[in-house]
Amino acid sequence: MTRTLAVTGAAGSIAYSLLFRLAAEASRSAPGDSERIRLRLLEVPAVVDRLEGVRMELEDCAFPALEAIVCTADPEEAFAGVDAALLVGSAPRRPGMDRADLLEANGAIFAEQGRALGTGAHPDARVVVVGNPANTNALIAAEHAQRAPRADGEVLSADRFTALTRLDHNRALAQLAARTGAPVKSIERLAIWGNHSNTQFPDLGSAAIAGEPAMQVLARVCGGPDAAEAWVAGDFIPTVTGRGGAVIEVRGASSAASAASATLDHLRDWTHGTRGRWASMAVRSHGEYGVPAGLISSFPCVVDADGSARVVEGLELTAEQRSRIDASVAELEEERAAAERLGFL
Ligand code: NAI
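Residues numbered from 1 in each chain as written. Predicted model: local features only at pLDDT ≥ 70, side-chain atom pairs only at ≥ 80, totals over all residues. Heavy atoms only, no water.

- The protein is annotated in an unreviewed UniProt entry as Malate dehydrogenase from Brevibacterium salitolerans.
- What the UniProt record of the protein gives under Sequence similarities (unreviewed entry) is the line "Belongs to the LDH/MDH superfamily. MDH type 2 family."
- Here is the UniProt Catalytic activity (unreviewed entry) comment for the protein, exactly as written: "(S)-malate + NAD(+) = oxaloacetate + NADH + H(+)". (UniProt positions renumbered as here; feature names shortened; annotations may be inferred.)

Quick look at the structure:
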């Protein structure tokens with residue numbers, strides 16, 4: 001099988017990890033499995049020349065699965081016929097820019113890319129938005145894809161547009177594993193809710209470690225249920241939500257390799273299924289848990305083997321969980337209202 005994947009922001013830091021791992025993973029597929037990939041790399045015109053260096057290095061890896069590389073500054077060329085698009089590039093926040101300026105700069109980018117995806121991508125394509133503000137960028141792209149159907153009349157469904165909260169999920173897994181001493185693999189049913197911002201809610205309410213409720217394990221490790229609750233509210237949640245800033249402070253640059261790794265986790269799970277395990281994904285709400293329909297919000301999701309993703313339903317939420325989810329969803333609603341005011345929705 002040959003898959004065509006587009007990656008935007010392809011000369012940037014995240015892409016520099018992502019592209020090589022993508023090609024390496026495809027090349028490691030089982031013997032006899034003839035998975036091949038074609039890459040379409042999109043950049044802004046000012047940077048597209050630098051992409052040639054990335055192409056040269058990709059070629060120099062001699063990845064058996066990598067069939068072709070196209071470097072372009074034209075979204076229509078980048079997205080024509082793609083099976084997946086990883087939208088990593090976005091306008092960075094510059095000094096003096098407020099949130100509305102950032103939304104305005106990105107709204108224009110994601111409206112254009114949404115239109116090009118709508119017209120050109122395979123009707124079953126998967127779109128993962130990484131560039132911030134990721135949830136609202138995904139919302140804008142999804143909306144513009146609906147307005148620009150393919151020539152054959154097929155429409156790339158808004159449900160095929162997702163945003164990345166898997167990095168937050170992975171950060172939460174790592175913190176819980178470190179505090180309890182449990183292997184990451186033994187942790188299940190952890191969830192990130194809401195926006196990929198510091199209002200997100202990393203939720204251990206349903207989490208289990210080797211089948212035992214995580215809060216019970218934490219109570220043992222922390223010295224009682226109250227101490228466990230205090231660790232979650234005072235340490236776990238602020239560490240996870242503030243991790244991006246902490247990495248910038250220490251590394252002098254934002255998370256890149258971990259963001260690339262999470263992007264691959266998201267795409268792999270969405271393509272091959274989660275075998276009943278939960279994965280946090282920002283997906284289009286159909287009103288689940290009272291999240292207004294149409295918003296792209298993070299939920300616990302499961303993905304069937306055929307690649308269909310759905311929100312885990314039927315969870316009983318406490319008042320505390322409810323209010324943390326509502327706070328993040330309120331921020332998503334504000335972002336949607338700002339995008340509407342700017343004419344992107
Ligand atoms: P970077 O600045 O190193 O690279 C971004 C690249 O995007 C640049 O090469 C730039 O020229 C390109 N670009 C800008 N506008 C473009 C457009 N219209 N079309 C194609 N390319 C375009 O940034 P980095 O570190 O790679 O991060 C990329 C984005 O990912 C940022 O918005 C960052 O905030 C976000 N991010 C999201 C995370 C998440 O978990 N959702 C985690 C970490 C970063």
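Next, the rest of the story.
**Description of a negative patch on the surface**
Logical step 1: A cluster of acidic residues, Asp74, Glu76, Glu77 and Glu112, forms a negative patch at the surface.
Logical step 2: Locating Glu77 in the fold gives a position in helix α3 (residues 75-79). (Patch = residues over 30% accessible without salt bridge, like charges linked within 9 Å, V, L, I, M, F, W, Y side chains within 5 Å. Areas by Shrake-Rupley, 256 points an atom, 1.4 Å probe, with all protein chains shown as cover. Salt bridge = Lys/Arg side-chain N within 4 Å of Asp/Glu carboxyl O. Lys, Arg positive; Asp, Glu negative; His and termini not counted. Charge placed at Lys NZ, Arg CZ, Asp CG, Glu CD. Helix = DSSP H or I, 4+ residues; strand = E, 2+ residues; numbered from the N terminus.)

**Details of the nonpolar core**
Logical step 1: Val7, Leu19, Leu39, Leu41, Leu58, Leu176 and Leu204 are the most contacted members of the largest nonpolar core, which totals 81 residues.
Logical step 2: In terms of domain composition, this core takes at least three residues from each of domain 1 (2-163) and domain 2 (166-336).
Logical step 3: In contact with Leu58, other than residues within four places in its own chain, are Leu19, Phe20, Leu39, Leu41, Phe63, Leu66 and Ile69.
Logical step 4: Judged by nonpolar contacts, the second largest core, of 30 residues, contains Ala6, Ala121, Ile296 and Phe344. (Core = buried A, V, L, I, M, F, W, Y, C linked by side-chain atoms within 4.5 Å. Buried < 20%, exposed > 50% of the residue type's maximum accessible area, 1.4 Å probe, protein only. Domains from an automatic or database assignment. Contact = heavy atoms within 4.5 Å.)

**Describing the environment of Ala282**
Logical step 1: With respect to the helices, strands and loops of the structure, Ala282 is situated in strand β12 (residues 279-284).
Logical step 2: Here Ala282 falls in the buried class, since its relative accessible area comes to 0%.
Logical step 3: Sequence spacing of Ala282 and Thr239 is 43 residues, and the spatial spacing of their C-alpha atoms is 20 Å.
Logical step 4: Contacts of Ala282, omitting those with residues within four sequence positions, involve Asn135, Phe161, Thr162, Ala163, Thr165, Ile296, Ser297 and Ser298.

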